[in-house]
Amino acid sequence: MALDFGKVRTGIAITDELQLIASGLTTIKTTELIPFLKEYISDEKVDLFVIGLPKRLDNTPSEAEVLIKEFLINLKGNIPHIPVERQDERFTSKMAFQAMLDSGMKKKKRQDKGLVDEISATLILQSYLDRKK
């Protein structure tokens, strides 16, 4: 499962059992993320959390990393049995928006920031899966 963590919303993506293809699951309010994850893993098998690693072009962490590190402490305290890996998430939001354009999505739908976050989580997970092959 991959998370595109944000201050307001978090996009979530999952993969198939063979870990070949990432698919968007949902976007939820970040304040509701831990309860959502606890409920989800009670019903579904999750081997790993892949969390986006936001970096600047010069390879230094972006300002969002401070919030993510706080979330990681909270995650480990609430769901300690599932390991976490990080995946570079540079350009995923831009790539998500471009994918929406390329698919012919209408302007109103492209303005749905939650959908952009979900697609970004999918891109993070797919990049992770491709890197692990």
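Our structure is the block above this text.
This section reports on the structure supplied with the text. (Residues numbered from 1 in each chain as written. Predicted model: local features only at pLDDT ≥ 70, side-chain atom pairs only at ≥ 80, totals over all residues. Heavy atoms only, no water.)

1. Points about unusual backbone geometry
The phi angle of most residues is negative, glycine excepted, and most peptide bonds adopt the trans form. The residue Gln19 is not glycine, and still its phi comes out positive at about 55 degrees. Note on placement: Gln19 falls in the loop between strand E2 (9-15) and strand E3 (22-29). Among the residues examined, Gln19 registers a relative accessible area of 39% and is labelled partly exposed. (Helix = DSSP H or I, 4+ residues; strand = E, 2+ residues; numbered from the N terminus. Buried < 20%, exposed > 50% of the residue type's maximum accessible area, 1.4 Å probe, protein only.)

2. Considerations on the pairing of E2
When strand E1 (residues 2-4) meets E2, the two strands line up antiparallel, connected through 3 bridges. Looking at E2, one finds that Leu3 is bridged to Ile12. Linking E1 to E2, which pair antiparallel, is a turn of 4 residues. Direction of pairing for E2 relative to E3: antiparallel, over a ladder of 7 bridges. Within the sheet, the bridge partner assigned to Thr10 lies in E3 and is Ile28. The loop that links E2 with its antiparallel partner E3 comprises 6 residues; one of these, Gln19, has a positive phi angle of about 55 degrees. (Pairing = 2+ DSSP bridges.)

3. Focus on the layout of surface pockets
Counted as a void, the second largest pocket has a volume near 430 Å³. No other element matches the 4 residues that helix H5 (residues 113-132) contributes to the lining of the second largest pocket. Each residue belonging to the lining of the second largest pocket can be placed in one class, and the counts come to 9 nonpolar, 2 polar and 7 charged. (1 Å grid on protein atoms, 1.4 Å probe; cavity = no way out; pocket = protein on both sides within 12 Å on 5 of 7 lines; lining within 4 Å. Points joined across faces, edges and corners; volume = space filled by probe spheres on them. Nonpolar A, V, L, I, M, F, W, Y, C, P; charged D, E, K, R; others polar.)

Interpretation in functional terms is not warranted from these geometric data alone.
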